[in-house]
Amino acid sequence: MGFFGYYAVLGPNGVLAYRDYSRKLAQRQAHYECLDKARAELRNRVALLDPRHADPDMVDELVRKQLNVAHPDEFIMPLGSDGGNADRCSGTVDG
């Protein structure tokens, strides 16, 4: 009886492990929400680059970024790393 009681409280699927499962679930849900938001942003950018009706501003932005070209009267101000959406959601999630 003591054996079963011990594992019911302190075992890998016991009562005390429930808090750890809840914490991991909350972390993974937050990570999923971040990835979902990044996916929606990427989906929007892809829609703007559809060959049938591409957004001229998006095309201009990408071409100028790839060719590293700017107009003489423009001032380029870096806003941060251009690592994309993957860096934003790269927090550690326990496996």
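Quick summary incoming for the structure in this document.

Basis of the calculations
Residues numbered from 1 in each chain as written. Predicted model: local features only at pLDDT ≥ 70, side-chain atom pairs only at ≥ 80, totals over all residues. Heavy atoms only, no water. Helix = DSSP H or I, 4+ residues; strand = E, 2+ residues; numbered from the N terminus. Buried < 20%, exposed > 50% of the residue type's maximum accessible area, 1.4 Å probe, protein only. Contact = heavy atoms within 4.5 Å. Phe/Tyr/Trp six-rings, centres within 6.5 Å; stacked < 30°, edge-to-face > 60°. Salt bridge = Lys/Arg side-chain N within 4 Å of Asp/Glu carboxyl O.

## Side note on the overall build of the protein
Item 1. Each helix and strand counted, the protein has four helices and zero strands in total.
Item 2. Mapped from its N terminus to its C terminus, the protein presents α and β elements in the order α-α-α-α.
Item 3. Expressed as a percentage of its 95 residues, the buried residues of the protein come to 8%.
Item 4. Taking contacts inside the protein between residues at least 6 apart in sequence as the whole, the part at least 24 apart equals 41%.

## Concerning the packing of aromatic side chains
Item 1. Overall, the coordinates contain three aromatic pairs when judged by the stated rule.
Item 2. Pairing tyrosine 6 with tyrosine 7 gives two aromatic rings, centres 5.2 Å apart and planes at 90°, and the pair type is edge-to-face.
Item 3. Of the residues examined, tyrosine 6 reaches a relative accessible area of 45% and is grouped as partly exposed.
Item 4. Joined through ring pairs, the aromatic side chains of Phe3, Phe4, Tyr6 and Tyr7 make up one cluster.

## Comments concerning unusual backbone geometry
Item 1. Backbone geometry places asparagine 68, a non-glycine residue, at a positive phi of 55°.
Item 2. Relative to the helices and strands, asparagine 68 is located in the loop between helix H3 (56–67) and helix H4 (85–88).

## Some remarks on the environment of leucine 49
Item 1. Note that leucine 49 resides in the loop between helix H2 (15–48) and H3.
Item 2. The spacing of leucine 49 and valine 59 is 10 residues in sequence and 6.9 Å in space, taken between C-alpha atoms.
Item 3. Among all residues touching leucine 49, those that are not within four sequence positions of it are Ala54, Met58, Val59 and Leu62.

## Re the pattern of salt bridges
Item 1. The tally for this structure, following the rule as stated, stands at five salt bridges.
Item 2. Arginine 23 is the salt-bridge partner of aspartate 20, the closest N and O atoms lying 2.5 Å from each other. Linking aspartate 20 with arginine 23, this pair stays in helix H2, spanning three residues, or about one helical turn.
Item 3. Across the pair arginine 52 and aspartate 50 runs a salt bridge, and its minimum N-O distance is 3.1 Å.
Item 4. By relative accessible area, which is 15% here, aspartate 50 ends up buried.

All quantities given are derived from atomic positions and should not be read as evidence of function.
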